[in-house]
Amino acid sequence: MEEDVERRIKSISKPETEEVGNIIRIAGPVVQAENLQGAEMYEVVEVGDEGLIGEVIGLERDVATIQVYEETGGLKPGEPVKRTGEPLSAELGPGLIRQIYDGIQRPLEAIKSEAGDFILRGVDVAPLDEDKNWRFVPEVDVGDEVTSGDYLGTVPETKVVDHRVMVPPGVKGTVEEVVSEGEYTIKDTIARIKTSEGVEEIKMRQRWPVRIRRPVGKKKAPGELLITGQRVLDTFFPLAKGGTAAIPGGFGTGKTVIQHQLAKWSDADIVVYVGCGERGNEMTEVLRDFPELEDPRTGEPLMKRTILIANTSNMPVAAREASVYSGITLAEYYRDMGYNVALMADSTSRWAEALREISGRLEEMPGEEGYPAYLASSLAAFYERAGICDLLSGEEGSISVIGAVSPSGGDFSEPVTQNTLRIVQVFWALDVELRNKRHFPAVNWLRSYSLYLDSVKEWWNENVNEKWHQLRKESMRLLEKESELQEIVQLVGPDALPQSDRFALQAARVIREDFLQQNAFHDVDTYCDPEKQFRMIEIMMEFYERGTEVVEKGVPVDKIMEMETFERLSRMSNVPSDKWEERFGHIEMEMNEEFDSLLEEE
Ligand code: ADP
Ligand code: MG
């Protein structure tokens, strides 16, 4: 199916005549027009007197079915429809970073200042500033042989992002001319490449159809941890750079908070955040918070590596459908420069609902729960654009994709969750019960999983500690044991348990409350680096081990419960990054002293 889309998109060509079709029917975001001679599937058209942006999604004889990316209220039959000869495309070039776009890459800030509102129609604002001067530093010489994806030069886009100006896909030849270092706009020609067909003028911007993936070399197996600074994720259910993850959870379970945490703290070079169909105020939060946040690694504002795409619930559904493609296309463009990109989509359920609504308007045969039959393949096509790969330039780049899923009532058996689960490698299952107990992040450790445990093992070994894999396994076993013991406790009460099991419950509680829980709104706790995570779990598991040993020697659990160590363990997460190493050393020592003295008392 995807190849079919690609073939159709590539066959779109400029209209030869200026013939104009006209609207015959309007159904919400879907419009039908007749007499649109030569129109192709996926071609962008201008709809109505206001020239609303639409895309042809159905063709039957001379009737074109069009999804319109803007409000269609007020549109009337008879109004004109014009072809553009172009598929829905993203404009790529310096200036993308720090932008806030809507679903079809219109800059919201610029639109706002142009028209004074977030949502308006028919405005034609360029995605990139065409008059801004950028400092271009060439990296090729006249006579060099270059091909698609090769770097022609660099533009310092922000303090933390060097933008590589690339040979556009499909171009191959000899550099005939290249400008010298200096200031240029995205409209200026910075190089001429002599190809077998003629001479290509290369500018700092290029366009790419959002529904087609950009060409890359070989996909590789992910192996490097995407550091998120969230303990339950990095230590227990790690995501690898270039991997895919889903965060399903009912309303209010913390999907958005996790996505924001990832956008803020993950060690990606570039972050593309797609706010898709969620409430406008959440996006406003992102817009308000992000510009003020500092990247812990570079000390620079986080916006200097971030692109936001906002298509909130009050914006047109068709643009929501497009927003994830716009987002992933921008992600691919930066990946092609050799970066590790992370894309968050919140929420893919709202995106699927847009698919459902449009499909319903088209009177297509509905599949499960009214979603179109192609829901699964659309989801797969989106996640498949993630990955770590060799690039055409010979470098390596990656895209990690993290999608939130919001099943109504938190019921994971519904189609969007189920189809997503078949695709993604990491599953962070959010849980209403944990949320109700105010256990945050409400990631259920018994239902969640990561298929990257073996792939990132080497990373942990080399960068943190070789004991990670083993410790993780043992602490997971302890948590599973806790859940089994809790069932017994519910039946027969805690007194029926042997002392060692009663202690296991206490040790598991420490892991749960002091390790798995993490306060996103605490200055220190919001981010926990992997070394600190490791030391925390190491000391907590040492606590379990030593405690078990002491209990086996006859010390009653009630005595252990009086240990001051409990209090100290509970404060570990809040020890600042420049102090924890020393402080943790003390906690460990004092813990062992407490155990030793319990044994002596015996
Ligand atoms: P969802 O997007 O799943 O509907 P939110 O992400 O908006 O839910 O989270 C709902 C609320 O839960 C937040 O406003 C916050 O109070 C609380 N919460 C979620 N995650 C955390 C966390 N890691 N730390 C502290 N509070 C959290
Ligand atoms: Mg949310």
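Quick notes on the rules
- The written sequence of each chain sets the order in which its residues are numbered from 1.
- Numbering of ligands from 1 and lettering of chains from A proceed in the order in which they are written.
- With pLDDT at 70 or above as the cut-off, local features in this predicted model cover only qualifying residues; side-chain atom pairs require 80 or more to be listed or tallied, and sums for whole chains, interfaces and linings still use all residues.
- In computing side-chain properties, one takes all heavy atoms of the structure into account and sets aside hydrogens as well as water.
- Three labels apply to residues, based on accessible area from a 1.4 Å probe with only protein chains included: buried if under 20% of the type maximum, exposed if over 50%, partly exposed otherwise in between.
- Only DSSP runs of H or I covering at least 4 residues are called helices, and only runs of E covering at least 2 are called strands; the numbering of each starts at the N terminus.
- Any two strands with at least two DSSP bridges between them are considered paired.
- Segmentation of the chain into domains, including their bounds, is taken from an automatic or database domain assignment.
- Contacts are residue-level and defined by heavy atoms, with any inter-residue pair within 4.5 Å sufficient.
- Throughout, the accessible surface (probe 1.4 Å) given up by two parts as they are put together, summed over both, is called the buried area.
- Salt bridge, as used here, is a side-chain nitrogen of Lys or Arg placed within 4 Å of a carboxyl oxygen of Asp or Glu.
- For helices, the axis comes from a line fit to the C-alpha atoms of the stretch in contact; other axes are also lines fit to C-alpha atoms, and the angle between any two N-to-C directions lies between 0 and 180 degrees.
- In this analysis, the expected span of each helix is defined as 1.5 Å times one less than the number of residues it contains.
- Two N or O atoms count as a polar contact when they lie within 3.5 Å, although within protein this holds only if one can serve as hydrogen donor and the other as acceptor, and sequence-adjacent residues are included solely when both atoms are side-chain atoms.

Asks: Can you lay out the pairing of strand 4 (residues 52-60) for me, pointing to particular residues and giving the numbers?
Replies: Burial within strand 4 is extensive, with 7 of its 9 residues counted as buried. As paired strands, strand 3 (residues 43-47) and strand 4 are joined by 4 bridges and run antiparallel to one another. Following the sheet pairing, Val45 is matched in strand 4 by Gly54. Counting the residues between successive antiparallel strands, the hairpin from strand 4 to strand 5 (residues 63-68) contains 2 residues, one of them, Arg61, with a positive phi of roughly 45 degrees.

Asks: If you had to explain the domain arrangement of the protein to someone new, which residues and values would you point to?
Replies: Along its sequence, the protein is carved into domain 1 (16-87), domain 2 (134-205), domain 3 (241-425) and domain 4 (468-601). Here domain 1 and domain 3 have C-alpha centroids that lie 28 Å from each other. Listed by partner, the interface residues are 12 residues for domain 1 and 12 residues for domain 3. At the boundary of domain 1 with domain 3, total buried surface from both sides reaches about 860 Å², with 66% on carbon and sulfur atoms. Interface area lost by domain 1 to domain 3 is led by Pro29, Gln67 and Tyr69, which between them contribute 48%. Our count for the domain 1 to domain 3 interface comes out at 1 salt bridge.

Asks: Kindly report on the sheet that holds strand 9 (residues 134-138), identifying the contributing residues and their values.
Replies: Read from one edge to the other, the open sheet built from 4 strands follows the order 12-11-9-14, with strand pairing classed as antiparallel. Lying at the two open borders of the sheet, with one neighbouring strand each, are strand 12 (162-166) and strand 14 (182-184). Looking at each pair of strands side by side, their axes are set apart by 40 degrees on average, direction ignored.

Asks: Any details on the pattern of salt bridges? Residues and values, ideally.
Replies: A complete count under the given rule lists 46 salt bridges for this structure. One salt bridge in this structure joins Arg385 and Glu332, with 2.8 Å as the shortest N-O distance. Of this pair, Arg385 sits in the loop between helix 8 (375-383) and strand 23 (387-390) while Glu332 is found in helix 6 (residues 317-335), placing the two residues 53 residues apart along the sequence. Comparing Arg385 with Glu332, the two get one shared label, buried. The salt bridge partner of Glu594 is Arg568, with a shortest N-O separation of 3.7 Å. Taken together, the residues span a long stretch of sequence, with Glu594 in helix 17 (residues 580-601) and Arg568 in helix 16 (residues 565-571) at a distance of 26 residues.

Asks: So what about helix 7 (residues 348-361)? Which residues, and what values?
Replies: Here helix 7 contains 14 residues, and its C-alpha end-to-end distance of 20 Å stays within 8% of the 20 Å for a straight helix at 1.5 Å per residue. The N-terminus of helix 7 is capped by Ser347, whose side-chain oxygen sits 3.0 Å from the backbone nitrogen of Ser349.

Asks: So what's going on with the sheet that holds strand 13 (residues 172-178)? Which residues, and what values?
Replies: With respect to topology, 4 strands assemble into an open sheet ordered 10-13-15-16, the strand pairing being antiparallel. For this open sheet the edge positions go to strand 10 (145-147) and strand 16 (198-203), each flanked by a neighbour on one side alone. For this sheet, the mean angle separating the axes of adjacent strands, direction not counted, is 45 degrees. Relative to strand 16, strand 15 (residues 189-195) is paired through 6 bridges, and the arrangement is antiparallel. For Ala191, the partnering residue across the bridge sits in strand 16 and is Ile202.

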